Amino acid sequence: MNTAAEIDAPTRALRQSQVVKALAKVLPAHALLYNTEDVTPYECDGLTAYRQRPLVVALPETQKQVQAVLQVCHGLEVPVVARGAGTGLSGGALPNALGVTLSMAKFNQIVKVDPIARTAVVECGVRNLAISEAAAPFGLYYAPDPSSQIACTIGGNVAENSGGVHCLKYGLTLHNVLQVQGFTVEGDAICFGSQALDTSGLDLLSVFVGSEGMLAVATQVTVKLVPKPQLARCIMASFDDIRKAGDAVAAVIAAGIIPAGLEMMDKPMTAAVEDFVHAGYDLTAQAILLCESDGTPEEVAEEIGRMSDVLQRHGATAIAVSRDEAERLRFWSGRKNAFPASGRISPDYMCMDSTIPRKRLADILLAIAEMEKKYQLRCANVFHAGDGNLHPLILFDANDPDQLHRCELFGADILETSVAMGGTITGEHGVGIEKLNSMCVQFSAQENAQMLALKKAFDPQGLLNPGKVIPTHNRCAEYGKMLVRGGKISHPDLPRF
């Protein structure tokens, strides 16, 4: 990936002049940004530790303009980084120093809500929560609900295959999308999936969802809608021991119960969010579980009773069940505000995103506690316990280079320990630039080469979101020199992203 430090000013200025001149022919003046003060707001996404000003920002307003921008950039061999709301947490929208950031923010229209087919056709810049708001009059909603749903866009959700607190029962973005339309890097129209139950040929929709802007640019998405449940109630269970809480999660699933949501927070996180939103959390507990049931009143009553029994048998020290909708929302308010709450207690944080088998929840949390001592940094944990998707938030100060370096080491250690425990390096935030090195641990050189070959089939010149997701062979070779048996970091100079 090109960075400003590697490019001399005359080269950058010349390239910028060429790109602006070409794009000015296909975009109105107000849709083309290139002055420093105008492009600086686009220099990073939610991973603020890494920043890079783009050469140019394009803000197309029509499908034809998107197509034209891609055709111009392809002709000039200029990299393109598509961007939604910028809420991503892995650096997936980090600009290329000699490239165009393609902002899809103006594609924010809900094209159609079909209550009979239970679908909605929306432009890629529509906010996640706005879909449910539009479907509400029909008694429907869009199930995937990332914590950033008030701001994140459906195009970004598709790029990262986002989940949310209800993904355990209702699935990730992939399970709730029928069709994605957009353009290839050459500007050719392309369609993944269909509005029917199945599509002919290869299942390229499954390839495209989660591809992090590497294969094509999405402009319109058809999503599934589900009926709003008649009732939802939430259990808040306290535990005096992390292992008991982890075992309780596994026991709930083993009992054949699939909650609408099953989330866990450790003591540092509950303290942070309670001070922020006053959700009524037990500050003496070592861990808190939030277990939600939804459906008919009869179904909810039966499931709440079964979950309560399991939690009590596995060591819950206190159990509270929401009495009404207001209290249910209050229970969830802390979990939904975990990230902003962490921002109140630390100048910066890096939110990791790995997955592990449910039975190893306690093991990874205890390992992270040891890493806090090793790297001399605090870490608060909140995660989708039901499917083992961790979100450790490492607290640090990005203005201190040594703290940033230790944070990178800490994060890599979490990811590699997750892999050693039978998990993966990402669940829903994507790889971006943050986890490039860890891809060398998760996958072999041959597997990474296969993924690169797939990208080249769509983007032979590597112009779409270059330098991300798939590490080069040389990068993995260099990173491999810094590892010892077991995947533990031993070298003090981890390659900077």
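**Observations concerning the environment of Ile414**
Logical step 1: Along the chain, the position of Ile414 falls in helix H14 (residues 401-420).
Logical step 2: Sequence separation between Ile414 and Leu365 is 49 residues, and the spatial gap between their C-alpha atoms is 9.7 Å.
Logical step 3: The contacts of Ile414, once residues within four sequence positions are left out, are Met352, Ser354, Ile364, Ile368, Met371, Pro392 and Ile394.

**As for the state of the cysteines**
Logical step 1: Summed over the entire model, instances satisfying the criterion amount to 1 disulfide.
Logical step 2: Each sulfur in the disulfide pair Cys440 and Cys476 lies 2.1 Å from the other. Disulfide Cys440 to Cys476: torsion about the S-S bond roughly -80 degrees, handedness left-handed. Here Cys476 lies in helix H17 (residues 473-480) and Cys440 lies in helix H15 (residues 436-442), a separation of 36 residues in the sequence. Of the two residues examined, Cys440 and Cys476, each falls in the buried class.
Logical step 3: Summary of cysteine pairing: Cys152 is not part of a disulfide, and the nearest cysteine sulfur, belonging to Cys124, is at 13 Å.
Logical step 4: Free cysteine: Cys234, not disulfide-bonded; nearest cysteine sulfur from Cys291 at 7.0 Å.

**A word on the pattern of salt bridges**
Logical step 1: Overall, the coordinates contain 21 salt bridges when judged by the stated rule.
Logical step 2: A salt bridge links Arg344 to Asp275, with the shortest nitrogen-to-oxygen separation between them at 3.2 Å. One end of the pair, Arg344, is in the loop between helix H12 (338-343) and strand S16 (348-351); the other, Asp275, is in helix H9 (residues 267-277), with 69 residues separating them in the sequence.
Logical step 3: With relative accessibility at 47%, the residue Arg344 sits in the partly exposed group.
Logical step 4: A salt bridge links Arg330 to Glu327, with the shortest nitrogen-to-oxygen separation between them at 3.2 Å. Taken as a pair, Arg330 and Glu327 lie in helix H11 (residues 325-336) at a separation of 3 residues, close to a single helical turn.

**Considerations on the pairing of strand S4 (residues 100-103)**
It is a general feature of regular strands that their side chains alternate between the two faces of the sheet.
Logical step 1: Going residue by residue along S4, you find Val100 and Leu102 tucked away on one face and Thr101 and Ser103 tucked away on the opposite face as well.
Logical step 2: In the sheet, strand S2 (residues 56-58) pairs with S4 via 3 bridges, with the strands oriented parallel. Counted as the bridge partner of Val56 is Val100 from S4.

**Notes on the sheet that holds strand S17 (residues 378-384)**
Logical step 1: Ordered by their spatial adjacency, 7 strands build an open sheet running S15-S12-S14-S13-S17-S18-S16, and the pairing between neighbours is antiparallel. The open sheet has two free edges, formed respectively by strand S15 (316-321) and S16, since each of these has just one partner strand. Averaged over all pairs of adjacent strands, the angle between strand axes in this sheet comes to 20 degrees, irrespective of strand direction.
Logical step 2: Here 7 bridges tie S17 to strand S18 (residues 389-396), and the two strands are oriented antiparallel to one another. Opposite Ala380, over in S18, you have Leu393 as the bridge partner.
Logical step 3: Strand contacts of helix H10 (residues 297-313): strand S12 (231-239), strand S14 (287-295) and S15, with the helix running at about 155 degrees to S14, the strand carrying the most contacts.

**Some points on the layout of surface pockets**
Logical step 1: The space that makes up the largest pocket amounts to roughly 820 Å³.
Logical step 2: Forming the boundary of the largest pocket are 45 residues, of which Thr87, Gly88, Gly156, Asn157 and Glu160 lie nearest the centre.
Logical step 3: Elements with a minimum of two residues in the lining of the largest pocket: strand S3 (80-83), helix H5 (154-160), strand S10 (217-224), H11 and H12.
Logical step 4: Ranked by residue count, the leading element in the lining of the largest pocket is H5, at 6 residues.
Logical step 5: Its residues assigned to classes, the lining of the largest pocket comprises 18 nonpolar, 20 polar and 7 charged.

**Here's the deal with the packing of helix H8 (residues 242-254) against helix H13 (residues 361-375)**
Logical step 1: With their axes 8 Å apart at the nearest point, H8 and H13 run at an angle of 150 degrees to one another. Looking at the two axes, H8 sits roughly antiparallel to H13. Crossing hand, H8 versus H13: right-handed. Seen from H8, the contacting residues are Ile242, Arg243, Gly246 and Val249; seen from H13, they are Leu361, Ala362, Asp363, Leu365 and Leu366.
Logical step 2: Classifying every residue of the contact of H8 with H13 by side-chain character gives 6 nonpolar, 1 polar and 2 charged.

**Section: the sheet that holds S2**
Logical step 1: A sheet is described by the order of its strands in space; here 4 strands give the open sequence S1-S2-S4-S3, paired in mixed fashion. Each end of this open sheet is capped by a strand with a single partner; those strands are strand S1 (32-33) and S3.
Logical step 2: Relative to S2, S1 runs antiparallel, the two being bridged by 2 bridges. Within S2, the position partnered with Leu33 by the bridge is Val57.
Logical step 3: Sheet contacts for helix H1 (residues 9-23): S1, S2 and S4; angle to S2, the most-contacted strand, approximately 20 degrees.
Logical step 4: Contacting S2, S3 and S4, helix H3 (residues 63-76) runs over the sheet at an angle of about 170 degrees to S4.

**What to know about the packing of H13 against H14**
Logical step 1: Orientation of H13 relative to H14, taken along the N-to-C sense of each, is 155 degrees, at an axis distance of 10 Å. Relative to H14, H13 is oriented roughly antiparallel. Both H13 and H14 take part in a crossing whose hand is right-handed. Between H13 and H14, the contacting residues are Ile364, Ala367, Ile368, Met371, Glu372, Lys374 and Tyr375 on the first element and Arg406, Leu409, Phe410, Asp413, Ile414, Thr417 and Ser418 on the second.

Conventions used here
- Residues numbered from 1 in each chain as written.
- Predicted model: local features only at pLDDT ≥ 70, side-chain atom pairs only at ≥ 80, totals over all residues.
- Heavy atoms only, no water.
- Helix = DSSP H or I, 4+ residues; strand = E, 2+ residues; numbered from the N terminus.
- Contact = heavy atoms within 4.5 Å.
- Disulfide = S-S within 2.5 Å.
- Buried < 20%, exposed > 50% of the residue type's maximum accessible area, 1.4 Å probe, protein only.
- Salt bridge = Lys/Arg side-chain N within 4 Å of Asp/Glu carboxyl O.
- Pairing = 2+ DSSP bridges.
- Axes fitted to C-alpha atoms, helices over the stretch in contact; angles between N-to-C directions.
- 1 Å grid on protein atoms, 1.4 Å probe; cavity = no way out; pocket = protein on both sides within 12 Å on 5 of 7 lines; lining within 4 Å.
- Points joined across faces, edges and corners; volume = space filled by probe spheres on them.
- Nonpolar A, V, L, I, M, F, W, Y, C, P; charged D, E, K, R; others polar.
- Parallel < 35°, antiparallel > 145°, perpendicular 65-115°, else oblique.
- Left-handed = near helix turned anticlockwise from the far one by under 90°.

These values are about where atoms sit, not about what they do.
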